[in-house]
Each structure stands twice: as C-alpha cells, then as structure tokens.
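As a plain string of letters, each chain reads:
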Amino acid sequence: MRLTNPAELEITRRQIFSEGGIIVLIVMYSVSVIGILPWKSIPRKIKFGLLYYYLGIVLISLCMIIPLHVGGIWYIEYFNGVSYSRVNIFLDILIMYGYNGLVESAGFFMGYYVIFYYLKLLKDRK
C-alpha cells in the first residue's frame, strides 16, 4: 500500500503527555541524577559533565526542532472529540520548545551519561 499511496505516510500523531512517557522521563532523569551526583568518589568534573551533557542534548534537540517547527512540518494539535486542531501559536511554542526541547528530548538520553561513566567511556579531564 505504501508504494501505491505514499501520502498515507504523511501524518503521524502521538500523545505528548502520556502517562508512560512521563514515567520514562522521571526514571531517566532520576537515574542520571542518582547515578552521578550523590557519590563522593565521582570527580567533580564528571558531575559538571552531566550538566554539559544535558545542555548539549538540549542544543542539538532545539537545532532539530526549530527548522521543523518554523517550516510547519512539526506542530502541536489537540483532539477536540471529532478531529485534530492546531493549538494557538503561544501554546505551540511553549510545548514545542519548553517541554519538548528542554525536557522531553533530553530526558530520554540523560540515563546514558551514567552508562558512559560506569563503562569508563568518560575521562576525568584535569
């Protein structure tokens, strides 16, 4: 069917604030904070590295989100019971950049920093 009607691949939708997604974000942020910050044996530069890692992920995420959003390819909608409607521009910006750019996009990768550290893939640069 995809070969005969490629337009069927045009739209994808997902719930942004789904219960499962929120739980995964809480777990990933918790793992990253609990796995690095409270331990005295972990060097201070590694602990600050967690912040730099987060900021880097946010920067990359926003660099990917902004052109898609400005180009009208990626936007926020709500289901009004019958069909999907776009939210107003202020709510669109708040959710797209505030939640998606700063919280959600980075959140799914935060736990990786702990894995990188414990697998000794991070160096304590002096």
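All chains use their own residue numbering, which begins from 1 and follows the written sequence. Local features are withheld for residues below a pLDDT of 70 in this predicted model, meaning they are given only at 70 or higher, and side-chain atom pairs are given and counted only at 80 or more; totals for whole chains, interfaces and linings count all residues. As a convention, hydrogens and water are excluded, and side-chain values are obtained from all of the structure's heavy atoms.

### Notes on the overall build of the protein
Only DSSP runs of H or I with at least four residues qualify as helices, and only runs of E with at least two residues qualify as strands; both kinds are numbered from the N terminus onward. Helix and strand counts for the protein come out as 3 helices and 2 strands. Written out in order from the N terminus, the α and β elements of the protein read α-α-β-β-α. Throughout, exposure labels follow a simple rule: accessible area from a 1.4 Å probe, protein chains only, divided by the maximum for the residue type, with under 20% read as buried, over 50% as exposed, and the rest as partly exposed. The buried share of the protein, taken over its 126 residues, is 29%. Contact between two residues is taken to exist if any of their heavy atoms lie within 4.5 Å; hydrogens are not considered. Expressed as a percentage of contacts within the protein between residues at least 6 apart in sequence, the contacts between residues at least 24 apart total 69%.

### Looking at the nonpolar core
Buried Ala, Val, Leu, Ile, Met, Phe, Trp, Tyr and Cys residues form a nonpolar core when they are joined through side-chain atoms within 4.5 Å. Of all hydrophobic cores here, the largest spans 22 residues; its most connected members are I36, I76 and Y113. Looking at this core, the element that brings in the most residues is helix α3 (residues 89-118), giving 9 residues. Ignoring sequence-local partners within four residues, the contact set of Y113 consists of I36, I46, G49, L50, Y53 and L122.

### Considerations on the pattern of salt bridges
Salt bridge, as used here: a side-chain nitrogen of Lys or Arg that lies within 4 Å of a carboxyl oxygen of Asp or Glu. According to the stated counting rule, one finds 3 salt bridges in the structure shown. The closest approach of N and O atoms between R13 and E77, which form a salt bridge, is 2.7 Å. Here E77 lies in strand β1 (residues 77-79) and R13 lies in the segment before α1 (19-36), a separation of 64 residues in the sequence. A relative accessible area of 43% means that R13 is categorised as partly exposed. The class for E77 is partly exposed, based on a relative accessible area of 24%. For D92, the salt bridge identified is with R86, shortest N-O distance 3.9 Å. The buried category is assigned to D92, whose relative accessible area is 2%.

### Describing helix α2 (residues 44-70)
Between the first and last residue of a helix there are one fewer steps than residues, each counted as 1.5 Å, and that sum is the expected span. Across its 27 residues, α2 extends 39 Å between first and last C-alpha, which sits within 8% of the 39 Å expected from 1.5 Å per residue. Residues I46, G49, L50, Y53, I57, V58, S61, L62, I65 and H69 constitute the buried set of α2. At the C-terminal side of α2, G72 shows a positive phi close to 75°.

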